[in-house]
Amino acid sequence: ETGVTQTPRHLVMGMTNKKSLKCEQHLGHNAMYWYKQSAKKPLELMFVYSLEERVENNSVPSRFSPECPNSSHLFLHLHTLQPEDSALYLCASSQEAGFFYEQYFGPGTRLTVT
Amino acid sequence: GDSVTQMEGPVTLSEEACLTINCTYTATGYPSLFWYVQYPGEGLQLLLKATKADDKGSNKGFEATYRKETTSFHLEKGSVQVSDSAVYFCALSEGGSNYKLTFGKGTLLTVNP
């Protein structure tokens, strides 16, 4: 148990659906991250938030829309996804944004797009 | 750009065997280096790190030494246990205000009793 929870743990959605992934951290951290973990590919950083402000967006398609209403919660809104978006989506948090601070990861949401 | 290359898995060992997982990197500056571990059904956890050349990171019997001359950060353990079965990721981050961790593809380790 790392103090970072993600819901749902598994999600199956069609390409025309709209769904949201939720991440919550109970560590009092100021930075939160979304990563994508695809089979046989390195973990990819998608978004970084510091004090509820987005500070990094790694050329992610607009069908992924993040939201950080406060420093404890992070959402990833999904719409009109493609089958290649099927992956494990990991949320992480750290005391502050930046490599010096250890990132704590949640267990992930396994997303399948049909 | 930055990149991390780690040995292809899966790696299967018997309990008490020695483990080495190779990791080499490409970076423009002087990165910090990390090993993360992902146990089945869980998120990644930081296992150890080294922030400058010749530093040795260690945790839970695992060790890795930051070798600038060979751009390597190999993970080693002298005697593995069944509970070490997991996926291991090597990663780097450049200095300054860079938020990004660049990961390798991961190596699956299975330890049999």
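Described in the following lines is the structure provided in the data block. Please read all numbers here as calculations on a predicted model, not as lab measurements.

1. Quick look at the packing of aromatic side chains
Part 1 of the argument: For the coordinates displayed, the defined rule picks out 10 aromatic pairs over all chains.
Part 2 of the argument: Measuring from ring centre to ring centre gives 5.7 Å for Y36(B) and F103(B), while their planes differ by 55 degrees; the resulting arrangement is tilted. In this pair, Y36(B) sits in strand β5 (residues 32–38) while F103(B) sits in strand β11 (residues 102–103), placing the two residues 67 residues apart along the sequence.
Part 3 of the argument: The class for Y36(B) is buried, based on a relative accessible area of 1%.
Part 4 of the argument: Taken together, Y33(A), Y35(A), F105(A), F34(B), Y36(B), F89(B) and F103(B) form an aromatic cluster joined through their ring pairs.

2. Examining the sheet that holds strand β9 (residues 75–77) of chain B
All names here are of chain B.
Part 1 of the argument: Spatially, the 4 strands line up as an open sheet ordered β3-β9-β8-β7, and their pairing is antiparallel. Among the strands making up the open sheet, the edge pair consists of β3 (19–21) and β7 (56–59). Across the sheet, the mean angle from the axis of one strand to that of its neighbour is 15 degrees, orientation sign disregarded.
Part 2 of the argument: Strand direction decides the pairing type here: strand β8 (residues 62–65) and β9, joined by 3 bridges, are antiparallel.

Criteria and thresholds
Residues numbered from 1 in each chain as written. Chains lettered and ligands numbered in written order. Predicted model: local features only at pLDDT ≥ 70, side-chain atom pairs only at ≥ 80, totals over all residues. Heavy atoms only, no water. Phe/Tyr/Trp six-rings, centres within 6.5 Å; stacked < 30°, edge-to-face > 60°. Helix = DSSP H or I, 4+ residues; strand = E, 2+ residues; numbered from the N terminus. Buried < 20%, exposed > 50% of the residue type's maximum accessible area, 1.4 Å probe, protein only. Pairing = 2+ DSSP bridges. Axes fitted to C-alpha atoms, helices over the stretch in contact; angles between N-to-C directions.

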